[in-house]
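Given next are the chains, with one letter for each unit.
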Amino acid sequence: MAEIVLSNVQKFFGTVQVIRDLNLTIADREFVVLLGPSGCGKTTTLRAIAGLEDITSGEIRIDGKPVQDLEASERDIAFVFQLYALYPHLTVFENIAFPLRAAGGARADVEREVNAVARALDIGHFLGKRPSALSGGDMQRVAIGRALVRRPKAILMDEPIGALDAKLREDMRTELKRLHIENKATSVYVTHDQVEAMSLADRIVVMSEGVLQQVGTPIEVYQNPANLFVAQFIGSPVMNISDAKLETEGGQAKVRLGNASEAFGVPVTLPRAIEASGRGDGGLSLGIRPEGVIVAHQPGEGLVPLEAHVIEPLGAYDIVDLKVGSGVLRARTVSGFVGKPGDTVFARLDENQTHFFDTRSGQSLG
Ligand code: ATP
């Protein structure tokens, strides 16, 4: 297995720069997910590691060895595509055996390795079938088996389960996680699905427009987003973000959301960065996740009366849109807590769950 290090990697397609000065170290045996919206450069990054795409400048090292001038076949890493790319005329066994045979593996070794991979992926019962007889999920298991069979230094996956339906995707997600726990192959995985990223990754690399926005464990990027982009890309439903007006009196921050007349008093010990910058004139944004909006039936200290608008019952909990001026504040409540649209409830923001951002730069202020 292997450590992968990207240093100052740049990639242009013509005059368009799609990777900007990317620095990233993927530890041996780590599962790293590249996450970002369509077109942010994650596939190009993955293909560059694999050697399927040249980089314009910078360096890529695998196990300490610069590889940017090596062919894909010389890098000893496997790639799994979204579309299964299996050989239709070969059986599942022969598909998985293919890389071993191509490398001149002895018959007994090939059989042993294919069977070991088939056991790990629980596909032993259809080794004799052809791909056309398999479901999408099983085809992708075979593609993953073919990638793993020659025990590559690393396995790179580009939206490998993106084409499957929702239920199957969930099953495969669990299976990929189990496989990684058992095999511990260094893995780099591309997706635009943040739930997939959160559930699979040891660390998530969030990208936007070719720029790395944040690297961290799923909990780090969820709880401490580095900027407004990450804050709004990670988490479903998305974090509430609003212009905030700070009124500081005796260490109390009164936060006014948007142009609304409803004001939330959030007592916070202000991060030094905010105090120092003297914001409060429109340069500050407040973020709060729906679970940080606390809703009560009765009025009380610090609670602001708000009218419920849309209520989405999701089974385990509800998402309730509360009208604040011309905007909405989304709250997560226990199921059925708010009776119906039009009801008035009383809300406050949990001061331990507030995030402040510089509106102009987007950077987190804590
Ligand atoms: P997606 O999830 O849609 O694949 P992505 O984040 O993986 O998106 P990339 O596929 O890496 O993004 O593409 C990044 C940018 O580079 C996009 O604007 C894309 O149009 C462009 N691009 C990708 N491949 C090429 C190419 N061969 N020639 C020119 N432009 C390209």
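Residues numbered from 1 in each chain as written. Predicted model: local features only at pLDDT ≥ 70, side-chain atom pairs only at ≥ 80, totals over all residues.

1. Re the sheet that holds strand β16 (residues 304-313)
Pairing within the open sheet is antiparallel, and its 5 strands lie in the order β15-β19-β16-β17-β18. In this open sheet, the two strands that pair with only one neighbour each are β15 (293-296) and β18 (327-334). When the angles between neighbouring strand axes are averaged without regard to direction, this sheet yields 45°. Here β16 pairs with strand β19 (residues 344-349) via 4 bridges, running antiparallel. (Pairing = 2+ DSSP bridges. Helix = DSSP H or I, 4+ residues; strand = E, 2+ residues; numbered from the N terminus. Axes fitted to C-alpha atoms, helices over the stretch in contact; angles between N-to-C directions.)

2. A closer look at helix α5 (residues 166-183)
In this model, α5 (18 residues) spans 25 Å end to end at C-alpha, consistent with the 26 Å of a helix rising 1.5 Å per residue. Met-172, Leu-176, Leu-179 and His-180 are the residues of α5 that are buried. Projection of α5 onto a plane perpendicular to its axis shows the buried side chains occupying an angular sector of 95°, all on one side. Summarising the geometry of α5, the exposed residues directed more than 90 degrees from the buried face are Lys-167, Asp-171, Thr-174, Ile-181 and Glu-182. Buried positions along α5 lie against β3 (31-35), α3 (107-121), α4 (136-148), β8 (186-191) and α6 (194-200). Among the residues trailing α5, Lys-184 stands out with phi positive, at a value near 55°. (Expected span 1.5 Å × (residues − 1). Buried ≥ 20, exposed ≤ 12 C-beta atoms within 10 Å, placed from the backbone. Arc of directions from axis to C-beta. Contact = placed C-beta atoms within 7 Å.)

3. Some words on the domain arrangement of the protein chain
For the protein chain, the domain assignment lists domain 1 (4-233) and domain 2 (240-358). Between domain 1 and domain 2, the residue contacts involve 5 residues of the former and 5 residues of the latter. In the side of domain 1 that touches domain 2, the residues fall into 3 nonpolar, 2 polar and no charged. (Domains from an automatic or database assignment. Nonpolar A, V, L, I, M, F, W, Y, C, P; charged D, E, K, R; others polar.)

4. Re the nonpolar core
Formed by 89 residues in total, the largest nonpolar core has its most connected members in Val-33, Ile-155, Leu-156, Val-188, Val-205 and Leu-322. For this core, the element with the highest residue contribution is α4, accounting for 6 residues. When residues are assigned to domains, this core turns out to be shared by domain 1 (4-233) and domain 2 (240-358), each giving three or more. The contacts of Val-205, once residues within four sequence positions are left out, are Leu-24, Val-32, Val-33, Leu-34, Leu-35, Leu-212 and Val-215. (Core = buried A, V, L, I, M, F, W, Y, C linked by C-beta atoms within 7 Å.)

5. Structural notes on the sheet that holds strand β1 (residues 4-13)
Taken together, 4 strands build an open sheet; the order of strands is β2-β1-β4-β5 and the sheet is antiparallel. For this open sheet the edge positions go to β2 (16-26) and β5 (65-66), each flanked by a neighbour on one side alone. Where strand β4 (residues 57-62) lies against β5, 2 bridges are found, and the strand directions are antiparallel. Residue pairing across strands places Ile-62 opposite Lys-65, the latter belonging to β5.

6. Looking at the confidence of the model for the protein chain
In this model, the protein chain carries a mean pLDDT of 88, and residues with pLDDT of at least 70 account for 89%. Among the scores for the predicted complex, ipTM is 0.95 and pTM is 0.89. (pLDDT = per-residue confidence, 0-100.)

7. What to know about the site of the ligand
Surveying the vicinity of the ligand reveals the residues Phe-13, Val-18, Gly-36, Ser-38, Gly-39, Cys-40, Gly-41, Lys-42, Thr-43, Thr-44 and His-192. Of the residues in the shell around the ligand, the class split is 3 nonpolar, 7 polar and 1 charged. (Near = placed C-beta within 6 Å.)

8. Here's the deal with the packing of α3 against α4
Where α3 contacts α4, the axes come no closer than 10 Å and their chain directions differ by 135°. With respect to each other, α3 and α4 are oriented oblique. Where α3 crosses over α4, the handedness of that crossing is right-handed. Along its contact with α3, which presents Val-117, Ala-118 and Leu-121, the element α4 presents Arg-141, Ile-144, Gly-145 and Leu-148. Looking at side-chain class alone, the contact of α3 with α4 contains 5 nonpolar, 1 polar and 1 charged residues. (Parallel < 35°, antiparallel > 145°, perpendicular 65-115°, else oblique. Left-handed = near helix turned anticlockwise from the far one by under 90°.)

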